[in-house]
Amino acid sequence: MTKRVVPYGAWPSPIDAETVAADDGLPSWPTALAGQVWWAEPRPREGGRVALCRTRLDAPDHGSETVLPAPWNARSRVHEYSSRCYVLLPGSAGPAVVFSEFSDQRLYRYEPGGAAPLPLTPEPALPSGERYAEPIISPDGGEVWCVRESHIGPAPTDVVRAIVAVPLDGAAATDPDAIREIVTDRHFLACPRVSPTGGHLSWIGWDHPNMPWDATELRAGALTAEGRLEGTHTVAGGPDEAIVQAEWLDADTLCYISDPGGWWNLHRVRLSTGERGPLEPYLRTEECGGPLWQLGSTWCAALADGRIATIHGTATTSLGVLDPASGVMRDVDTGHTAWLPRLTPIGAGAWVVGLAAGPTIPGEVVAVDLDSGQWRSLSRPRDTTGEKVPFAAFLPRPQAEVFTGQNGVSVHANLYPPHHPEVTGPAETPPPYVIFVHGGPTGHSPMLYDLEIAYFTSRGIGVADVEYGGSTGYGRAYRERLRGNWGVVDVADCVTVARSLAETGRADPDRLAIRGGSAGGWTAAAALAFTDTFRCAAIRFPILDLVGWRTGETHDFESQYLESIVGPWPQQHRRYEERSPINHADRVSAPFVLLQGLDDPICPPAQCERFLERVAGREVAHAYLTFEGEQHGFRRAATMVTALHAELSLYAQVFGFDTDAPPVRLQH
């Protein structure tokens, strides 16, 4: 069929903003008990709440059910990044659940189909001031042990953390003293795990100014019969080594993921002897782990027979099973090319459940038999006629590419060229391209089924998702290219990709845009202030003022993040000022839209407001859209629709094409 020619950007597409918003958000935090698999599922159309869903492992084709009814919202604000928020309990009529409720951050116990959830923790003195994450069941089954984050003062950094024991009988709901502190040895705590016999507890800890991808320690201690610790010590980790997960293999042995060789690999330590080393006979030059942004992330799962299921790879990730006795890793092919750190074993067999996706496979909770390779989707069961992927014909055909940046360094990017089954662009003109910049900046953008990207590519706008220096997935050396260089390396790498696409005729050099949120918003703003490569930008909930961000305008978790990626404060005060787009608003001449949640505790609207004060009166076309009730990242369908419309309208006005998006008014 001959395709008809339509100007780039104006291609007709069935993927509208409402469809994108309805689809936005992957299921997460799968876990299994008593033949059931549960997971958390975002609901943009329900005000952005997170529901808990479940299905039976032996009957997934019957579909899933929503267990936690509206308006309950299962989401933890520990670190403000949606950590694992629930744990299943054995029950006479099937599993019960303990979960963190977003509105007040208290823990609740819920029996599906029964009475309303029962509060287990007290009403905090400060609203949402006591937060709980990564819960596990105590050895005797009478308590939930979890990380508690206590906000004890008005400043965002007035925070203390502990691993605590919360009684399951509800006593602590009215008596705070019923909550018992178990671990208080580090400012940040993660990954509490009880040994198989209940004799030891392990956890991961670190302190400012380190981030969990810089330096962490694996700690352990003996447990008394009363569940108290004695004789705690560090068993692995330290400076320049980042342990991101640890699981017990037996009563004396921990498997952990760390990067002493520059890549996150599987290691083992014996508590009785202190002997430790890699689980394989060699260290892989690929990642078996990632950045610990969310407490509860799991890249590996210990099986009852001693083997270890693990996620590994670089640009794409696979599910493998490692036999520590032989050191042999065998992959299980399910057709997914992106496995996210949500892996957990099912019972005592060879089954695991995880979260996987691909460029043409929407993110789904899958159960896999590691021996036979048999697998099934639990959150998106296929029907007997063969389900078609929504909008399959309109999805882009992504490809990973490596560009040559400044001083010959490699710059990774995932390219999504424009694609439409019935339409093409004018032969004499290359398409416009938008550079997508992921957040973090210590983050990663796997190639996934993403209707937000398809929203643009199906209209004739190319997307290049840049894995700039500082991104994870390519080893510590690539990650540390950003040390002291945030606002320099990230911007340069985005410019490298954009200009390379233009120079090779794949993108129109006069129609290049950049967009990003959070740290990606920082890079987008910096690109407008310090380069002339981009004609416009969509800047979403950004960091704009390093000085303000370092001196109290963000949450505790990232309050000293800039020590590594910018420089020590206050010694490098001048660098903080020179790098900040807010201090160079006079250099910004390209149009932009600025999108901001008004309840954002990580990148507060105050920074946007100060930036706009300095842009005012300079005849720079821009729009500022704010959203009540939105925090860091947009969760509500109406917000997502408005933000996408504004972004597409910006590109249409600047690049000169017709669009179906309602126009956003650009003021000067």
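Look above for the structure.
Residues numbered from 1 in each chain as written. Predicted model: local features only at pLDDT ≥ 70, side-chain atom pairs only at ≥ 80, totals over all residues. Heavy atoms only, no water.

(A) Seen up close, the packing of aromatic side chains. For the structure shown, the criterion picks out 23 aromatic pairs. When the centroid spacing of 5.9 Å and the interplanar angle of 25 degrees are considered together, the rings of Phe99 and Tyr108 count as stacked. In this structure Tyr108 comes out as buried when scored by relative accessible area, which is 8%. For the pair Trp213 and Trp293, a centre-to-centre distance of 4.6 Å together with 40 degrees between the ring planes defines the contact as tilted. Of this pair, Trp213 sits in the loop between strand 15 (200-206) and strand 16 (217-223) while Trp293 sits in the loop between strand 21 (276-278) and strand 22 (300-302), and the two are 80 residues apart along the sequence. One exposure class covers both Trp213 and Trp293, and it is buried. (Phe/Tyr/Trp six-rings, centres within 6.5 Å; stacked < 30°, edge-to-face > 60°. Buried < 20%, exposed > 50% of the residue type's maximum accessible area, 1.4 Å probe, protein only. Helix = DSSP H or I, 4+ residues; strand = E, 2+ residues; numbered from the N terminus.)

(B) Layout of unusual backbone geometry. Pro71 follows Ala70 through a cis peptide bond whose omega is 10 degrees. Structurally, Pro71 is set in the loop between strand 5 (65-66) and strand 6 (86-89). Of the consecutive residues His208 and Pro209, the connecting peptide bond is found in the cis state with omega at 5 degrees. For Pro209, the location among the structural elements is in the loop between strand 15 and strand 16. Positive phi is not limited to glycine here, since His79 has a value of about 65 degrees. Judged by relative accessible area, which is 1%, His79 ranks as buried.

(C) Examining the nonpolar core more closely. By size, the foremost hydrophobic cluster in this structure holds 65 residues, and its most contacted members are Leu218, Leu254, Leu266, Trp486, Leu546, Phe557 and Leu562. In this structure Leu546 touches Trp486, Trp522, Leu562, Val566, Tyr576, Arg579 and Ser580, once residues within four positions along its chain are discounted. Among the nonpolar cores identified, the runner-up in size contains 45 residues, and Ile461, Cys536, Phe627 and Phe655 belong to it. (Core = buried A, V, L, I, M, F, W, Y, C linked by side-chain atoms within 4.5 Å. Contact = heavy atoms within 4.5 Å.)

(D) Expanded view of the environment of Val423. Mapped onto the elements, Val423 comes out in strand 32 (residues 423-424). Sequence separation between Val423 and Arg550 is 127 residues; the distance between their C-alpha atoms is 49 Å. When sequence neighbours within four positions are dropped, the list of residues in contact with Val423 reads Lys3, Arg4, Val6, Trp11 and Pro12.

(E) The packing of helix 4 (residues 489-503) against helix 5 (residues 519-530), seen in detail. Their axes nearest at 9 Å, the elements helix 4 and helix 5 cross at an angle of 75 degrees. Considered as vectors, helix 4 and helix 5 are oriented roughly perpendicular to each other. Together, Asp490, Val491 and Cys494 of helix 4 and Trp522, Thr523, Ala526 and Ala527 of helix 5 make up the contact between the two elements. Class assignment for the residues of the contact of helix 4 with helix 5 results in five nonpolar, one polar and one charged. (Axes fitted to C-alpha atoms, helices over the stretch in contact; angles between N-to-C directions. Parallel < 35°, antiparallel > 145°, perpendicular 65-115°, else oblique. Nonpolar A, V, L, I, M, F, W, Y, C, P; charged D, E, K, R; others polar.)

(F) Geometry of helix 5. Over its 12 residues, helix 5 runs 16 Å from end to end, which matches the ideal 16 Å to within 8%, given 1.5 Å per residue. Most of helix 5 sits out of view: 11 of its 12 residues are buried. Taken residue by residue, helix 5 has Ala519, Gly520, Gly521, Trp522, Thr523, Ala524, Ala525, Ala526, Ala527, Leu528 and Ala529 as its buried positions. (Expected span 1.5 Å × (residues − 1).)

(G) Geometry of the pattern of salt bridges. Applying the stated criterion to the full structure yields 40 salt bridges. Between Arg49 and Glu46 there is a salt bridge, and its shortest N-O distance comes to 2.6 Å. A salt bridge links Arg56 to Asp58; the shortest N-O distance between them is 3.2 Å. Overall, the relative accessible area of 40% leaves Arg56 in the partly exposed class. One connected set of salt bridges, linked through shared partners, spans Arg77, Glu80, Arg131, Glu149, Arg161 and Asp556. (Salt bridge = Lys/Arg side-chain N within 4 Å of Asp/Glu carboxyl O.)

So yeah, pure geometry; function would need other evidence.
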